Amino acid sequence: MNTYIQNVREKAALEAEAAEKQYFAELVKSNDSIKELSDGIYYKVITMGEGEKPGETDVVTVHYRGTLTDGTQFDSSYDRGQTIDFPLNRVIRGWGIALQQMPIGSKWVIYIPSKLAYGTQGNGPIGPNEILIFEVEMFDFKSADEV
């Protein structure tokens, strides 16, 4: 039984990976302003800031909206009406990687592959193998020591 379950999970992961590759290929093909960062993270610049960029342990102050590829919103600081602070080493890996590339004053749309989000496990309203899309505005950051 364990072998069967393992085989089913592996097959689902391979199918999800193929679907994800197709999604990103079509995304880039349909919009030439979408660029790729390391590890398969894609982004689109809405506004490019001119400030400094945070480091991997810095705490960022942002506004964000998170959606799934079908447009379902799963979280939004905009809806709560206030920015939020996140330590970059305590968020999903894709956020940590992408936000280190954003200068203060930037607003980007970030497309995070499932392996850099919640992977095969999912989390609450986010199912397994989900690509996550975030609209993020970077307002400021502080080193972890300053917080």
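Residues numbered from 1 in each chain as written. Predicted model: local features only at pLDDT ≥ 70, side-chain atom pairs only at ≥ 80, totals over all residues. Heavy atoms only, no water.

A. Broad picture of a nonpolar patch on the surface. Together, Met1, Tyr4, Ile5 and Val8 line one region of the surface with nonpolar side chains, adding up to about 450 Å² of accessible area. Structurally, the position occupied by Tyr4 is in helix H1 (residues 2-30). (Patch = residues over 30% accessible without salt bridge, like charges linked within 9 Å, V, L, I, M, F, W, Y side chains within 5 Å. Areas by Shrake-Rupley, 256 points an atom, 1.4 Å probe, with all protein chains shown as cover. Salt bridge = Lys/Arg side-chain N within 4 Å of Asp/Glu carboxyl O. Helix = DSSP H or I, 4+ residues; strand = E, 2+ residues; numbered from the N terminus.)

B. Representation of the pattern of salt bridges within the structure. The final tally for this structure, using the stated rule, is six salt bridges. A salt bridge links Arg93 to Asp39; its shortest N-O distance comes to 3.9 Å. With Arg93 in helix H3 (residues 93-99) and Asp39 in the loop between strand E1 (34-36) and strand E2 (42-47), this pair connects stretches of sequence that are 54 residues apart. What makes Arg93 exposed here is its relative accessible area of 53%. (Buried < 20%, exposed > 50% of the residue type's maximum accessible area, 1.4 Å probe, protein only.)

C. Seen up close, the confidence of the model for the protein. Per-residue confidence for the protein gives a mean pLDDT of 93; residues scoring 70 or more make up 99%. Least confident of the elements in the protein is H1, whose mean pLDDT is 88; most confident is strand E6 (residues 107-112), at 98. (pLDDT = per-residue confidence, 0-100.)

D. Representation of the environment of Ile104. Mapped onto the elements of the fold, Ile104 is located in the loop between H3 and E6. For Ile104, a relative accessible area of 23% corresponds to the partly exposed category. C-alpha of Ile104 to C-alpha of Met48: the two residues are 56 residues apart in sequence and 8.5 Å apart in space. Here Ile104 is in contact with Gly49, Glu50, Gly51, Glu52, Met138, Phe139, Asp140 and Phe141, once residues within four sequence places are set aside. (Contact = heavy atoms within 4.5 Å.)

E. Spotlight on the environment of Phe139. Considering the arrangement of structural elements, one finds Phe139 in strand E7 (residues 132-142). Taking the relative accessible area as the measure of exposure, Phe139 reaches 39% and is therefore partly exposed. Sequence-wise, Phe139 and Thr83 are 56 residues apart; in three dimensions their C-alpha atoms are separated by 8.6 Å. If sequence neighbours within four positions are ignored, Phe139 has contacts with Thr61, Val62, His63, Thr83 and Ile104.

F. Local environment of the pairing of E7. In this structure, strand E3 (residues 59-68) lies alongside E7, joined through 10 bridges in antiparallel fashion. When the bridges of E7 are listed, Thr67 appears paired with Ile133. Looking at chain direction, E6 and E7 are connected through six bridges and run antiparallel. Following the sheet pairing, Val109 is matched in E7 by Glu135. (Pairing = 2+ DSSP bridges.)

G. Region of the structure containing the layout of surface pockets. There is about 300 Å³ of room inside the largest pocket. Of all the elements, H1 adds the most residues to the lining of the largest pocket, at six residues. Residue composition of the lining of the largest pocket, grouped by class: five nonpolar, five polar and six charged. There is about 210 Å³ of room inside the second largest pocket. If you trace the second largest pocket, you find it lined by Tyr64, Phe74, Asp75, Phe86, Val91, Ile92, Trp95, Tyr118, Asn123, Pro125, Ile126 and Phe134. Tallied by class, the residues present in the lining of the second largest pocket amount to 10 nonpolar, one polar and one charged. (1 Å grid on protein atoms, 1.4 Å probe; cavity = no way out; pocket = protein on both sides within 12 Å on 5 of 7 lines; lining within 4 Å. Points joined across faces, edges and corners; volume = space filled by probe spheres on them. Nonpolar A, V, L, I, M, F, W, Y, C, P; charged D, E, K, R; others polar.)

H. Focus on the nonpolar core. Val62, Trp95, Leu99, Ile110 and Val136 are the most contacted members of the largest nonpolar core, which totals 26 residues. Counting residues per element, the ones that place at least two in this core are E3, H3, E6 and E7. Here this core takes five residues from E7, the largest share from any one element. Non-local contacts of Val62, meaning those with residues more than four positions away in its chain, are made with Ser77, Thr83, Ile84, Phe86, Trp95, Leu99, Val136, Glu137, Met138 and Phe139. (Core = buried A, V, L, I, M, F, W, Y, C linked by side-chain atoms within 4.5 Å.)

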